[in-house]
Amino acid sequence: MSILKKTSLVLGIAALGYGGYYGYTYASVGAGYAAKAVCSCVFVSGRSLESVVAEDLYAVKGIATSEVDRANRTATTRVLGIAAKTALYREGLGCTLLNGVTAEELRAQPTVAKTPAAPDSMRLGERLPALEKTLDWAFAEPDPKKPVRTRAVLVLHRGHVVAERYGPGITAQTPLTGWSMTKSVTNALVGMLVKDGKLAVEKPTDLAEWQADDRRRITLDKLLRMSSGLKFEENYGSVSDATRMLFLEKSAGGYALRSPLGGEPGATWYYSSGTTNILQEILRRQFPTHAAYLAFPYERLFQKLSMSSAVLEPDPSGTYVGSSFLFATARDWAKFGQLFVQDGVWRGERLLPEGWAAYSARETPASDGMYAAQFWIYPRKWGLPADTFMANGFEGQLVVIVPSKQLVIVRLGCTPDERNFDEKRFLTEINAAFP
């Protein structure tokens, strides 16, 4: 559902007080989280350091200091004076933590040449007055102690913008984080290689690291559906597999690949960012060069959809963090949703295999109606159409796709406690406007 869904990133100040290795590791996780957030929000989103510290770094409030070096394009955060992390910005690839690499080594890696921003091709439709009250509510801040911080809402109906609004300091040109909505983009990239005949969802992954044990039986489908059986701790309130992978390791996918088998593949469902980064590791191995892999999402997806704002960020090893680190404007996130409304066809060209959208929206066994294939489906329980599926990310990021109504709903924000934003009310009210 999200990088920190229904958990807290409060960094355990009490644990830090005890000192020792665990305290240092905890502080390092917090420093990595904050340095990465500052770097991306400043250099990718174009926001001020002051706004990022005030709004986005609530999890390390009072225990961290952050600074930006614009000349070297870096951001550094120190937590309680015992741990520090630095993230480096590269044009086209966004920000990457310097875990296990130097700035010089990271700059020496291949990069991508982003095409110049094309004129916005979004078609404007008639604005629906019925949605205005919902937008007023979505952007309201009734209790300063319970911030909502909706930053963008956009609704597409039949490919036309029928509602659009932005919060303070945010415009239609501001790329915003999708957090775990990035998983759904990884789904699309896998689909493209399935279409090319390089991957097959029902076949084992053939990962060399898994051939000596029962992990060799895990199929691509089981990874896409979070039912691989791999043992991986998705906990963001502690030093866990997930926090180590994202904020301390050189290779996110490499770390996740070392996960042991904890159960029979397909028998249970467990949400795991590690499985998505394993998918990115698989994707990278389908290309002859590192540069070809890095160019792949830009040439085959973002440029095709005119998602000129999109920035997919890699880990220090140069593999995309497919679980968490994609930035794009609300309009570009909406284009991604529209691609699935149209079953993978864009301007007459088929980008995804025929039926891939239906496959992606099909319920995963044992998920209790919650999950499909790197997409969530639980809004169906609230009365939304039976073909509804959505990308979902930490702090309330949403791209909701309803093919039967030709409807895409985007909400981007920074809601520290997601209970402060009534997602059910938001989606059911918008859905009701399109009978």
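Residues numbered from 1 in each chain as written. Predicted model: local features only at pLDDT ≥ 70, side-chain atom pairs only at ≥ 80, totals over all residues. Heavy atoms only, no water.

A.B. asks: Explain the packing of aromatic side chains to me, please; I cannot follow it from the model alone.
C.D. replies: The description of an aromatic ring pair rests on the distance of the ring centres and on the angle between the ring planes. Applying the stated criterion across every chain, the model contains 23 aromatic pairs. The rings of W269, Y271, Y371, W376, Y378 and W382 are connected pair by pair, giving a single aromatic cluster. The ring of F287 has K198 sitting right over it, with the charged end atom 5.2 Å from the ring centre. Cation over ring: R225 sits above Y359, and NZ or CZ is 4.7 Å from the ring centre. (Phe/Tyr/Trp six-rings, centres within 6.5 Å; stacked < 30°, edge-to-face > 60°. Lys NZ or Arg CZ within 6 Å of the ring centre and 35° of its normal.)

A.B. asks: Hey, could you run me through the side chain of Q109 in this one?
C.D. replies: In this structure, Q109 sits in the loop between α4 (103–107) and β5 (123–124). Polar side-chain contacts of Q109 include one of 2.8 Å to the backbone oxygen of P316. In this view, Q109 contacts R90, H290, P316, S317 and G318; residues no more than four positions away in its chain are not counted. (Helix = DSSP H or I, 4+ residues; strand = E, 2+ residues; numbered from the N terminus. Polar contact = N/O pair within 3.5 Å; in protein donor to acceptor, adjacent residues only side chain to side chain. Contact = heavy atoms within 4.5 Å.)

A.B. asks: What am I meant to see in the state of the cysteines here?
C.D. replies: Such a bond, covalent and formed between the sulfur atoms of two cysteines, is termed a disulfide. Per the counting criterion, the structure on display carries 1 disulfide. Linked covalently through their sulfurs, C39 and C95 form a disulfide whose S-S length is 2.2 Å. The S-S bond linking C39 to C95 shows a torsion near -75°; that makes this disulfide left-handed. Of this pair, C39 sits in helix α2 (residues 20–43) while C95 sits in strand β4 (residues 94–97), and the two are 56 residues apart along the sequence. C95 gets classed as buried once you look at its relative accessible area, which sits at 0%. (Disulfide = S-S within 2.5 Å. Buried < 20%, exposed > 50% of the residue type's maximum accessible area, 1.4 Å probe, protein only.)

A.B. asks: Would you mind showing me how to read a nonpolar patch on the surface here?
C.D. replies: On the surface, a cluster of nonpolar side chains totalling about 280 Å² of accessible area is made up of Y24, L80 and I82. When you line up the elements, Y24 lands in helix α2. The class for Y24 is partly exposed, based on a relative accessible area of 43%. (Patch = residues over 30% accessible without salt bridge, like charges linked within 9 Å, V, L, I, M, F, W, Y side chains within 5 Å. Areas by Shrake-Rupley, 256 points an atom, 1.4 Å probe, with all protein chains shown as cover. Salt bridge = Lys/Arg side-chain N within 4 Å of Asp/Glu carboxyl O.)

A.B. asks: Sorry if this is basic, but what is going on with the packing of helix α6 (residues 182–195) against helix α11 (residues 290–302) here?
C.D. replies: Angle between the axes and distance between the axes: these two values describe a pair of packed helices. α11 packs onto α6 with a crossing angle of 85° between their chain directions and a minimal axis gap of 11 Å. With respect to each other, α6 and α11 are oriented roughly perpendicular. Residues V185, L189, M192 and L193 of α6 form the contact with α11, whose participating residues are F296, P297, R300, L301 and F302. Taken together, the residues of the contact of α6 with α11 sort by class into 8 nonpolar, no polar and 1 charged. (Axes fitted to C-alpha atoms, helices over the stretch in contact; angles between N-to-C directions. Parallel < 35°, antiparallel > 145°, perpendicular 65-115°, else oblique. Nonpolar A, V, L, I, M, F, W, Y, C, P; charged D, E, K, R; others polar.)

A.B. asks: Just checking my understanding: could you explain the confidence of the model for the protein chain for this structure?
C.D. replies: Low pLDDT means the predicted atomic positions in that stretch should not be read closely. When pLDDT is averaged across the protein chain, the result is 93; 94% of the residues are at 70 or more. Residue range residues 1–11 is modelled with pLDDT below 50. Its contacts to residues more than four positions away, or to other chains, number 44 contacts. This stretch, residues 13–18, has a pLDDT under 50; its non-local contacts, to residues over four places away or in other chains, come to 12 contacts. (pLDDT = per-residue confidence, 0-100.)

A.B. asks: How should the pairing of strand β3 (residues 83–90) be read in this particular structure?
C.D. replies: On a regular strand, each side chain points to the face opposite its neighbour's, so the side chains alternate between the two faces of the sheet. Summarising burial for β3: 6 of the 8 residues are buried, a large majority. In this sheet, β3 lies alongside strand β2 (residues 74–79) in antiparallel orientation, the contact comprising 6 bridges. Bridged to T74 within β3 is L88. Turn length for the β2-β3 hairpin, with the two strands adjacent in sequence and antiparallel, is 3 residues, and the turn residue L80 shows positive phi of about 50°. Counting the residues in the hairpin turn of β3 and β4 gives 3 residues, including G92, whose phi is positive at 90°. (Pairing = 2+ DSSP bridges.)

A.B. asks: Before we go on, may I ask you to explain the pattern of salt bridges in this structure?
C.D. replies: Between side chains of opposite charge, a pair can form when the charged atoms approach closely. A full pass over the atoms with the stated rule returns 25 salt bridges. Salt-bridge contacts for E313 lead to K36; the nearest nitrogen and oxygen are separated by 2.6 Å. Taken together, the residues span a long stretch of sequence, with E313 in the loop between β9 (311–312) and β10 (326–328) and K36 in helix α2 at a distance of 277 residues. When sorted by exposure, E313 lands in the same class as K36, which is buried. R217 is the partner of E264 in a salt bridge, and the nearest nitrogen-oxygen pair spans 3.1 Å. In this pair, E264 is assigned in the loop between α9 (252–257) and α10 (273–284) and R217 in the loop between α6 and α7 (220–224), connecting sequence segments 47 residues apart. Residue classification places E264 among the partly exposed positions, given a relative accessible area of 45%.

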